Amino acid sequence: MSTQAASPHGGPQTVRATGDADPHETPETATTTAILFPGQGSQTAEMRELVARVRPDLLTAVIEMVGEDPFPRADDGTNFAQPAIFCASLAGWASIGSPVAELMAGHSLGELGALVAAGAVDERDALALVTLRGKLMYESGLRAGDGSMVAVIGPGAADHAQEIADASQLTVANDNSPMQIVLSGAKANIPSGIDVAKALGLRAMELDVTGAFHSPMMAAAVPEFERALAEVEFREPVTTVISAVTARPFSDPRRELADALTHPVRWREVMLTIHELGARRFVDVGPGRVLTGLAKRTLKDVELVNA
């Protein structure tokens with residue numbers, strides 16, 4: 001689950017919005033590039049049109065796998081949002097020429113898009129996994145019944161993440177940037193998390209979600225997802241893909257993708273790792289601009305491009 005932070009990270013930056021930099025520029029002619037695939041919460045009203053125009057075959061495939069068109073219902077739950085966003089991200093990547101950059105990463109479900117782009121998993125296998133993942137997470141949230149999430153935003157939010165979680169009996173679900181975290185847990189504990197965050201001078205708001213994602217409350221979704229992962233062939237990626245669970249290059253994608261259901265998304269650490277590995281140009285394939293927004297609040301002196 002990713003959300004847009006409201007205030008930029010301080011300090012000078014080289015930031016170029018869509019139209020100022022050419023997303024078709026290849027890594028061979030650019031500085032070291034990282035391509036980013038977004039996750040839940042990045043959906044836009046235009047993403048279906050992009051898929052229909054750029055990857056109509058994917059639109060046909062996702063409608064068949066989901067059993068209906070997921071795009072009009074992307075705001076209704078993970079069972080629709082995740083396959084729709086996955087297809088839109090691959091269409092966004094295709095729209096800039098399907099480049100293979102030196103580094104790739106995906107936020108939560110975006111990890112599967114990054115692994116497809118790196119040649120580590122077949123596209124249709126990944127679509128089937130994403131479709132199942134969204135369904136299992138939705139059903140797990142409904143079964144748990146009382147799960148929810150709260151976004152905490154403001155200077156120093158990441159520094160206080162564990163403190164707020166411990167004080168309110170919540171779990172850190174997303175470490176998105178120095179200024180934005182998301183906590184998961186029982187709905188009854190959300191007000192306490194909001195109060196603790198506000199007492200620290202931070203803004204906090206409960207998210208409109210159907211479960212406590214990226215927390216132990218998603219455990220019921222794991223066994224079936226593990227069985228599906230075991231049936232899929234994974235290959236050595238042709239480029240480096242960073243796991244959002246470990247903030248290191250993928251070493252065991254089946255294990256790391258299964259762990260992603262119940263473990264936090266360490267996106268701030270992913271950005272720092274990619275930067276340490278030399279990336280100075282970050283391309284968010286979309287949909288939306290969530291990931292370039294988070295990168296802007298985490299890194300300085302980098303070029304940010306939206307597909």
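Here, the structure is the one placed above.
Calculation rules
- Residues numbered from 1 in each chain as written.
- Predicted model: local features only at pLDDT ≥ 70, side-chain atom pairs only at ≥ 80, totals over all residues.
- Heavy atoms only, no water.
- Helix = DSSP H or I, 4+ residues; strand = E, 2+ residues; numbered from the N terminus.
- Buried < 20%, exposed > 50% of the residue type's maximum accessible area, 1.4 Å probe, protein only.
- Contact = heavy atoms within 4.5 Å.
- Arc of directions from axis to C-beta.
- Pairing = 2+ DSSP bridges.
- Axes fitted to C-alpha atoms, helices over the stretch in contact; angles between N-to-C directions.
- Salt bridge = Lys/Arg side-chain N within 4 Å of Asp/Glu carboxyl O.

> Which parts of the structure should I look at to understand the overall build of the chain?
Counting its regular elements, the chain contains 11 helices and 9 strands. A buried classification covers 57% of the 307 residues belonging to the chain. The contacts in the chain between residues at least 6 apart in sequence include a share of 76% that link residues at least 24 apart.

> For this particular structure, what's the right way to read helix H1 (residues 47-54)?
In an α-helix there are 3.6 residues to a turn, and that puts residues three or four apart on one side. Along H1, the residues that are buried comprise Met47, Leu50 and Val51. The buried residues of H1 occupy an angular sector of 95° when projected down its axis, which confines them to one face. As for H1, its buried residues are in contact with helix H2 (56-66) and helix H3 (78-95).

> I keep staring at unusual backbone geometry and nothing clicks. Help me out?
A negative phi holds for most residues other than glycine; trans holds for most peptide bonds. Cis geometry is found at the peptide bond from glycine 286 to proline 287, where omega equals 10°. Positive phi values are uncommon outside glycine, yet histidine 214 reaches one of about 55°. By the secondary structure assignment, histidine 214 is in the loop between strand S6 (203-206) and helix H8 (222-230). Of note, the phi angle at aspartate 301 is positive, near 55°, even though the residue is not glycine. Along the chain, the position of aspartate 301 falls in the loop between helix H11 (290-296) and strand S9 (303-306).

> Can you walk me through the sheet that holds S6 in this structure?
Where strands meet in a sheet, backbone hydrogen bonds hold them as pairs that are either parallel or antiparallel. Spatially, 4 strands are ordered S4-S5-S3-S6 in an open sheet, and the strand pairing comes out antiparallel. The open sheet terminates on both sides in strands that have one partner only, identified here as strand S4 (171-177) and S6. Strand-to-strand twist of the sheet, defined as the mean angle between neighbouring strand axes without regard to direction, takes the value 20°. For strand S3 (residues 147-153) and strand S5 (residues 180-186), the ladder comprises 7 bridges, and the chain directions are antiparallel. Considered in S5, the bridge of methionine 149 is made with serine 184.

> Looking at this model, I keep getting lost on the sheet that holds strand S8 (residues 281-284). Mind explaining?
Taken in spatial order, the 5 strands make up an open sheet running S7-S2-S1-S8-S9, and their pairing is parallel. In the strand order of this sheet, the two ends are held by strand S7 (240-242) and S9, each with one partner. With strand direction ignored, the average angle separating the axes of adjacent strands in the sheet is 25°. In the sheet, S8 pairs with S9 via 4 bridges, with the strands oriented parallel. Pairing of phenylalanine 282 across the sheet is with leucine 304, part of S9. Those strands touched by helix H4 (residues 110-117) are strand S1 (33-37), strand S2 (103-106) and S7, and its axis lies near 150° from that of S2.

> Can you walk me through the environment of glutamate 49 in this structure?
Here glutamate 49 shows up in helix H1. When its relative accessible area of 45% is taken as the criterion, glutamate 49 is described as partly exposed. C-alpha separation for the pair glutamate 49 and phenylalanine 71, spaced 22 residues apart in sequence, amounts to 9.6 Å.

> How should H8 be read in this particular structure?
All of the buried residues in H8 are Val222, Phe225, Ala228 and Leu229. Considered in projection along H8, the buried side chains sweep an arc of 125° and stay on one side of the axis. Counted as exposed and oriented over 90 degrees from the buried face of H8: Arg227 and Ala230. Each element contacted by the buried residues of H8 is listed here: helix H5 (123-144) and helix H9 (253-259).

> I would appreciate a short explanation of the pattern of salt bridges in the present structure.
Two side chains of opposite charge can pair, provided their charged atoms sit close to one another. Under the counting rule described, the total for this entry stands at 15 salt bridges. A salt bridge links lysine 135 to glutamate 139; its shortest N-O distance comes to 3.1 Å. Taken together, the residues lysine 135 and glutamate 139, both in helix H5 and 4 residues apart, mark about one turn of the helix. As a salt-bridge pair, arginine 281 and glutamate 303 come within 3.5 Å of each other at their nearest N and O atoms. Residue arginine 281 is located in strand S8, and its partner glutamate 303 is located in strand S9; the two are separated by 22 residues in the primary sequence. When sorted by exposure, arginine 281 lands in the same class as glutamate 303, which is buried. Linked through salt bridges whose partners overlap, the residues forming this network are Arg55, Asp57, Glu123 and Arg124.

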